[in-house]
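Breakdown of the fold
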Amino acid sequence: MKFMIASDLHGSAHFTKELLGQFAALGCEKLLLLGDLLYHGARNDLPGGYAPKEVTALLNGMADKILAVRGNCDSEVDQMVMEFPIMAPYSQVMMHDRTVFLTHGHSITPEKAPKLPKGSLFFSGHTHVPTFEKTDDVYYANPGSVSIPKNGSERGFFVLDSGEMTLTRYDLSGNILESHLI
């Protein structure tokens, strides 16, 4: 199974459409969203193509394929228009005897992560800066932001191929930026 992992859409219909185009082109089956879906946040400029109602419609159109966690810019009002849960501070799924931990990263950070079994994957967003590192046999990864990248990074996302256990970071045009066998 292929999982797309993305974060920080911040209400950009333009970049959400690009992301969902890559979801289809790459044959992904599930979309794991790490929060900050609709609102741009008080610290950020408006992203290109800012249209939260359109993002709502795009995501609701594939609600059965989405697992999402709450970001610091997501609210109960946002949940009222979404057709899938977005209010959990974290989620965990099992994949080939590995724990996959999902959080936004504003309160549960890699530095304040719960104790995870060796080989686990910890995904967070929030910083808008992509990262990948392994510490104490746990992989920590941040896909960066789909709509408002920071520190000169590319807009991007991860694809986790559970068959090969590879984690690949793409830009929104589908170009591979980095790939890791995990």
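Residues numbered from 1 in each chain as written. Predicted model: local features only at pLDDT ≥ 70, side-chain atom pairs only at ≥ 80, totals over all residues. Heavy atoms only, no water.

Quick word on the packing of aromatic side chains
- Taken as a whole, this structure holds 6 aromatic pairs when the rule is applied.
- When the centroid spacing of 5.4 Å and the interplanar angle of 10° are considered together, the rings of F157 and Y170 count as stacked. One end of the pair, F157, is in strand β9 (residues 156–161); the other, Y170, is in strand β10 (residues 166–171), and 13 residues separate them in sequence.
- On the basis of relative accessible area, F157 is assigned to the buried category, the value being 0%. (Phe/Tyr/Trp six-rings, centres within 6.5 Å; stacked < 30°, edge-to-face > 60°. Helix = DSSP H or I, 4+ residues; strand = E, 2+ residues; numbered from the N terminus. Buried < 20%, exposed > 50% of the residue type's maximum accessible area, 1.4 Å probe, protein only.)

Examining the pairing of strand β1 (residues 2–6)
- Most of β1 is tucked away, with 4 of its 5 residues classed as buried.
- In this structure, β1 lies alongside β9, joined through 4 bridges in antiparallel fashion. Looking across to β9, one finds that F3 is bridged to L160.
- One ladder, built from 4 bridges, connects β1 with strand β2 (residues 30–33); its direction is parallel. Across the sheet, I5 pairs through a bridge with L32, a residue of β2.
- Note on the crossover from β1 through helix α1 (residues 13–25) to β2: the handedness is right-handed. (Pairing = 2+ DSSP bridges. Right-handed = clockwise from strand over helix to strand, strands pointing away.)

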